[in-house]
Amino acid sequence: MTSSFHPPQRTLMGPGPSDVNPRILEAMSRPTIGHLDPLFVQMMDEMKELLQYAFQTQNELTIPVSAPGSAGMETCFVNLVEPGDTVIVCQNGVFGGRMKENVERCGATAVMVEDEWGRACDPQKLEDALKAHPEATTVAFVHAETSTGATTDVKTMCKIAHHHDCLAIVDAVTSLGGTELRVDEWGVDAIYSGTQKCLSCTPGLSPVSFSAAAVERIRNRKTRVQSWFLDLNLVMGYWGSGTKRAYHHTAPINALYALHEALVLLKNEGLEHAWARHASHHRALKAGLEALGLRFVVPEAERLPQLNAVTIPDGVDDAAVRGLLLNDYNLEIGAGLGVMAGKVWRIGLMGYACRKDNVLKCVSALDEVLNRVGASGTQGRAMAATLAAYGD
Ligand SMILES: *Cc1c(COP(=O)(O)O)cnc(C)c1O
C-alpha cells in the first residue's frame with residue numbers, strides 16, 4: 001500500500017516559508033464551499049479590507065493573486081509595462097534580477113541601476129538614471145531584499161519616481177507584516193507580497209495592491225496584457241466590488257481561508273506591534289549571533305530584522321552545519337543565494353516563527369553545531385548574550 005505523507009515538525013527559520021500558525025492550518029481544513037457562494041464572496045470582501053489594512057492603503061484594487069509571490073511580481077510587470085517601454089530597475093540582490101527578466105519578457109527595456117549586494121538601493125543613483133532616461137515610464141525595486149537582508153527607503157524612491165512622472169513597482173514579499181510599510185503614505189503605485197514570509201501563512205498566494213494611477217494605466221493600455229490569467233482587466237471583474245462576480249478562475253478556496261485567518265491574526269496583534277516584535281527579537285538574535293563570532297552582511301542602518309544574513313566563518317562547512325541543524329534539531333536556516341551561495345547563512349525571524357523560544361533554540365543549536373564541526377564553541381556566552389538582550 002502507498003502511504004500518506006507525514007512531514008516532520010520543523011522550526012522554519014530560513015528565508016521562507018516560515019512556521020505557520022496552527023490556527024491558520026486549522027482554518028485551511030474547514031469545509032470547502034463554492035467560490036461563488038454568497039458566504040465565500042462575503043469572506044473575499046472582508047479579505048480585501050484586511051489586506052488594505054496590512055498594506056496601509058485605501059486602494060480599491062487590493063487582492064490576493066491566486067499564485068505565489070513570483071506571480072504577484074509578474075502581475076505588476078505584465079499589466080503596467082508595454083512593449084517598447086523603458087523601466088528603471090534598481091538591483092541590490094537576487095530579486096531585482098528577476099524584475100529585469102520580467103521587464104524584458106514584456107518586450108520592454110530594463111535600465112539596470114546596480115548597488116552592492118548587502119546594501120540598500122541608492123536613491124541618488126535612481127535620480128541620475130531617471131535624468132539620463134527621460135523616456136522611462138516605470139521604476140521598480142525591492143523593499144526587503146531577501147537574498148541579503150537589506151532594506152530600501154521606499155518613500156524616497158517613490159518620490160523620485162513620481163518627480164520624473166514614473167510609476168513605482170515595489171516588491172514587498174518579505175516586508176509585509178514584518179517591517180514598516182505604508183503604501184498610501186509612501187506613494188507606492190503597485191506592490192506585491194507573499195503569504196509564506198512574515199504573514200506566516202501557507203505558500204501559494206500573492207497579495208497585491210494598485211493605486212488609482214496604476215489602474216488608469218492598465219485600463220488605457222495600447223496592447224493587450226500578454227498573460228490571460230494575470231490580466232487585471234479580467235481579474236477586476238472577479239474581485240471588483242459592487243460588480244456581479246464573473247467567473248474568471250476557481251479561487252484556491254481553502255488557501256484563502258488560511259490567508260483570511262493570517263490577516264485576522266495580524267489585525268488583532270496590530271501592525272505596529274508586529275513590526276516592534278520583529279525588531280525586538282532581532283535585537284536578541286543579533287546579540288547571540290555576534291557572540292558566536294558571526295558578522296552581519298548588511299550595515300546596521302540598512303538591516304532587516306526578519307532576515308539576518310551572516311557570513312559563514314572561514315573553514316566551516318556550510319552544508320554540514322545546515323544538515324546537522326535540520327537533522328538533529330529540526331531547525332531550518334537558509335543557505336546563501338546567487339553570488340552569496342556558500343558564503344552566508346540567512347536566518348529568518350518571520351511572523352509566527354519570530355518568537356523568543358525560537359531565538360534561544362537557534363543560538364544554542366548553532367553554538368553546539370559550530371563546536372561539533374570544529375569551530376570553537378562559546379561555552380554558553382552566546383546564550384548569555386541573547387538572554388541579556390532580552391533583559392533576563
Ligand atoms: C520569496 C520572494 C519572492 C518570490 O516569492 P515566491 O512566493 O517564492 O514566488 C519574491 N521576492 C522576494 C523579495 C522574495 O523574498
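One can find the structure itself at the top, above this paragraph.
The numbering scheme is per chain: residues are counted from 1 as the chain's sequence reads. Only residues with pLDDT of 70 or above have their local features reported here, since the model is predicted, and side-chain atom pairs are shown and tallied only from 80 upward, although totals for entire chains, interfaces and linings are computed over all residues. Hydrogens and waters are ignored; side-chain quantities use all the structure's heavy atoms.

### Describing the overall build of the chain
Rules: Only DSSP runs of H or I with at least four residues qualify as helices, and only runs of E with at least two residues qualify as strands; both kinds are numbered from the N terminus onward. Radius of gyration: C-alpha atoms only; globule rule: 2.2 Å multiplied by the number of residues to the exponent 0.38. A simple rule labels every residue: compare its accessible area, found with a 1.4 Å probe on the protein chains alone, to the largest value its type can have, and call it buried under 20%, exposed over 50%, or partly exposed in between. We call two residues in contact whenever any of their non-hydrogen atoms come within 4.5 Å of each other. Areas reported here follow the Shrake-Rupley algorithm with a probe of radius 1.4 Å; residue values treat only the protein chains shown as occluding.
The number of helices and strands found in the chain is 14 helices and 13 strands. On C-alpha atoms alone, the chain measures out to a radius of gyration of 21 Å, which is about the 21 Å that the 2.2 N^0.38 rule sets for 392 residues. Within the chain, the proportion of its 392 residues that are buried is 58%. A separation threshold of at least 6 residues defines the contact pool for the chain, and within that pool the share at least 24 residues apart is 71%. Only carbon and sulfur atoms are counted for the fraction: they give 52% of the accessible area of the chain, which is about 16200 Å².

### Observations regarding the pattern of salt bridges
For clarity, the cut-off: The salt bridge definition used is simple: a Lys or Arg side-chain nitrogen within 4 Å of an Asp or Glu carboxyl oxygen.
All chains considered together, the criterion is met by 18 salt bridges. Here Lys131 ties to Glu127 by a salt bridge, and the two come within 3.6 Å at their closest N and O atoms. With Lys131 and Glu127 both in helix H5 (residues 123-132), this residue pair falls four residues apart, about one helical turn. In this structure Lys131 comes out as exposed when scored by relative accessible area, which is 56%. Here Arg372 ties to Asp328 by a salt bridge, and the two come within 2.8 Å at their closest N and O atoms. Pair noted here: Arg372 is in helix H13 (residues 356-372) and Asp328 is in helix H12 (residues 318-329), with a separation of 44 residues, a long-range link. Of the residues examined, Arg372 reaches a relative accessible area of 48% and is grouped as partly exposed. Shared partners join several salt bridges into a network, and the residues in it are Arg23, Glu26, Arg30 and Glu261.

### A few points about the sheet that holds strand S12 (residues 331-335)
Put simply, the rule is: At least two bridges found by DSSP between two strands is the condition for calling them paired. Inter-axis angles, ranging from 0 to 180 degrees, are taken between N-to-C directions of lines fitted to C-alpha atoms, where helices are fitted over the stretch in contact.
Read from one edge to the other, the open sheet built from four strands follows the order S1-S12-S13-S11, with strand pairing classed as mixed. Each edge of the sheet is formed by a strand with only one pairing partner; in this case those strands are strand S1 (11-13) and strand S11 (307-311). Between one strand axis and the next, the sheet turns by 30 degrees as a mean value, whatever way the strands run. Where S12 meets strand S13 (residues 344-348), two bridges bridge the pair, whose relative direction is antiparallel. Looking across to S13, one finds that Ala335 is bridged to Trp345. Across the sheet, H12 touches S12 and S13, and the angle it forms with S12 is around 155 degrees. Contacting S1, S12 and S13, H13 crosses the sheet at an angle of about 85 degrees to S1.

### Points about the nonpolar core
Worth spelling out the cut-off: What is meant by a nonpolar core is a set of buried Ala, Val, Leu, Ile, Met, Phe, Trp, Tyr and Cys residues, joined one to another through side-chain atoms within 4.5 Å. Boundaries of every domain are those given by an automatic assignment or by a domain database.
Core analysis: the largest hydrophobic core is formed by 92 residues, its most contacted members being Phe77, Ile88, Phe141 and Phe210. No other element matches the ten residues that helix H10 (residues 253-269) contributes to this core. Two domains each provide a minimum of three residues to this core, namely domain 1 (22-267) and domain 2 (271-390). Once residues within four sequence positions are removed from consideration, Phe141 is found in contact with Cys90, Met99, Cys121, Thr152, Val154, Met157, Cys158, Ile169, Val170 and Asp171. Counting residues in each nonpolar core, the second largest holds 29 residues, with Ala284, Trp345, Ile347 and Val369 among its members.

### Quick notes on the environment of Glu74
The residue Glu74 is located in helix H3 (residues 69-80) in this model. On the accessibility criterion, Glu74 (35% relative accessible area) is partly exposed. Along the chain, Glu74 and Leu230 lie 156 residues apart, while their C-alpha atoms are 7.8 Å from each other. The residues touching Glu74, leaving out its near neighbours within four places in the chain, are Asn102 and Leu230.

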